[in-house]
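# Chain and residue survey
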Amino acid sequence: MTHGLEPTEEYDGSITVRLLDDDAETEEIDCASYERAIELVRERQHSVTVAKIVDRDGAVVFTSAEMDIDDWESVWQREKRSLSVHVEAYDCPYDDISCFADDLCVQCQIDNVRDQY
């Protein structure tokens with residue numbers, strides 16, 4: 001169907017990180033990906049009053065005043081995965097329907113750690 005070409009995510013730099021500081025003016029940084037925007041927020045969120053991620057439509061999708069970047073990233077990764085056309089098959093020995101090869105259930109995670117020792 002894709003003739004050997006794998007779909008990729010591509011952004012045009014229209015994802016913006018806004019850094020609002022009570023003592024300075026607002027800084028806007030264009031990012032080429034959500035990964036870069038998340039990285040910027042992690043680096044700078046404690047040095048500003050509020051850090052925001054704004055999508056290409058101008059909607060604020062993350063604000064540090066209301067949520068934690070790690071929690072938001074987890075939800076974003078899950079949503080991104082659910083939109084994915086290809087999901088690697090994984091047969092959970094515990095029959096957990098939310099267990100995937102790249103997002104194991106807690107019991108499978110425990111088994112993996114135990115198997116490492």
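Here, the structure is the one placed above.
First things first, this report covers the structure right here in the doc. A quick note: this is a predicted structure, and the numbers were derived from the prediction, not measured.

One pass over the structure, following the stated rule, counts 9 salt bridges. The salt bridge partner of Arg114 is Asp111, with a shortest N-O separation of 3.2 Å. Highlighted residues: Arg114 and Asp111, both in helix α3 (residues 106-115), separated by 3 residues, approximately one helical turn. Under the relative-accessibility criterion, Arg114 is labelled exposed at 53%. Taken together, the shared-partner salt bridges in this structure form one network comprising Arg36, Glu39 and Glu43.

This part takes up the state of the cysteines. Applying the stated criterion to the full structure yields 0 disulfides. We note that Cys105 lacks a disulfide partner, and the nearest cysteine sulfur, in Cys108, lies 3.6 Å from it. What makes Cys105 buried here is its relative accessible area of 9%.

Looking now at unusual backbone geometry. Unlike most non-glycine residues, Asp95 shows phi in positive territory, near 55°. Inspection of the secondary structure assignment puts Asp95 in the loop between α2 (69-83) and α3.

The sheet built from 4 strands is open, its strands ordered β2-β1-β3-β4 with antiparallel pairing. At either margin of the open sheet sits one strand with a lone partner, and together these are β2 (27-31) and β4 (60-63). Neighbour-to-neighbour, the strand axes of this sheet turn through a mean angle of 20°, independent of strand direction. One ladder, built from 5 bridges, connects strand β1 (residues 15-20) with β2; its direction is antiparallel.

This part is about the side chain of Thr63. Residue position: Thr63 is located in strand β4. Contacts of Thr63, omitting those with residues within four sequence positions, involve Val50, Ala51 and Lys52.

Formed by 17 residues in total, the largest nonpolar core has its most connected members in Val17, Val41, Ile53, Ile69 and Trp72. Elements with a minimum of two residues in this core: β1, β2, α1 (34-44), β3 (50-54) and α2. Here this core gets 5 residues from one element, more than from any other, and that element is α1. Counting residues in hydrophobic clusters, the runner-up holds 5 residues, among them Cys99, Leu104, Cys105 and Cys108.

Next up on the list: the packing of aromatic side chains. Applying the stated rule across the entire model yields 4 aromatic pairs. When the centroid spacing of 5.8 Å and the interplanar angle of 55° are considered together, the rings of Phe62 and Trp72 count as tilted. Here the residue Phe62 occupies a position in strand β4, and Trp72 occupies one in helix α2, the gap between them amounting to 10 residues. There is no split in this pair, since Phe62 and Trp72 are both buried. The structure contains a cluster of three or more aromatic residues connected by ring pairs, namely Tyr34, Phe62, Trp72 and Trp76.

Right, let's talk about the side chain of Asp55 for a bit. Note that Asp55 resides in the loop between β3 and β4. Buried and unpaired, Asp55 has Arg56 as its nearest opposite-charge partner, separated by 7.4 Å. Polar contacts involving the side chain of Asp55 include one to the main-chain amide nitrogen of Ala59, which spans 2.9 Å.

Procedures and definitions
Residues numbered from 1 in each chain as written. Predicted model: local features only at pLDDT ≥ 70, side-chain atom pairs only at ≥ 80, totals over all residues. Heavy atoms only, no water. Salt bridge = Lys/Arg side-chain N within 4 Å of Asp/Glu carboxyl O. Helix = DSSP H or I, 4+ residues; strand = E, 2+ residues; numbered from the N terminus. Buried < 20%, exposed > 50% of the residue type's maximum accessible area, 1.4 Å probe, protein only. Disulfide = S-S within 2.5 Å. Pairing = 2+ DSSP bridges. Axes fitted to C-alpha atoms, helices over the stretch in contact; angles between N-to-C directions. Contact = heavy atoms within 4.5 Å. Core = buried A, V, L, I, M, F, W, Y, C linked by side-chain atoms within 4.5 Å. Phe/Tyr/Trp six-rings, centres within 6.5 Å; stacked < 30°, edge-to-face > 60°. Lys, Arg positive; Asp, Glu negative; His and termini not counted. Polar contact = N/O pair within 3.5 Å; in protein donor to acceptor, adjacent residues only side chain to side chain.

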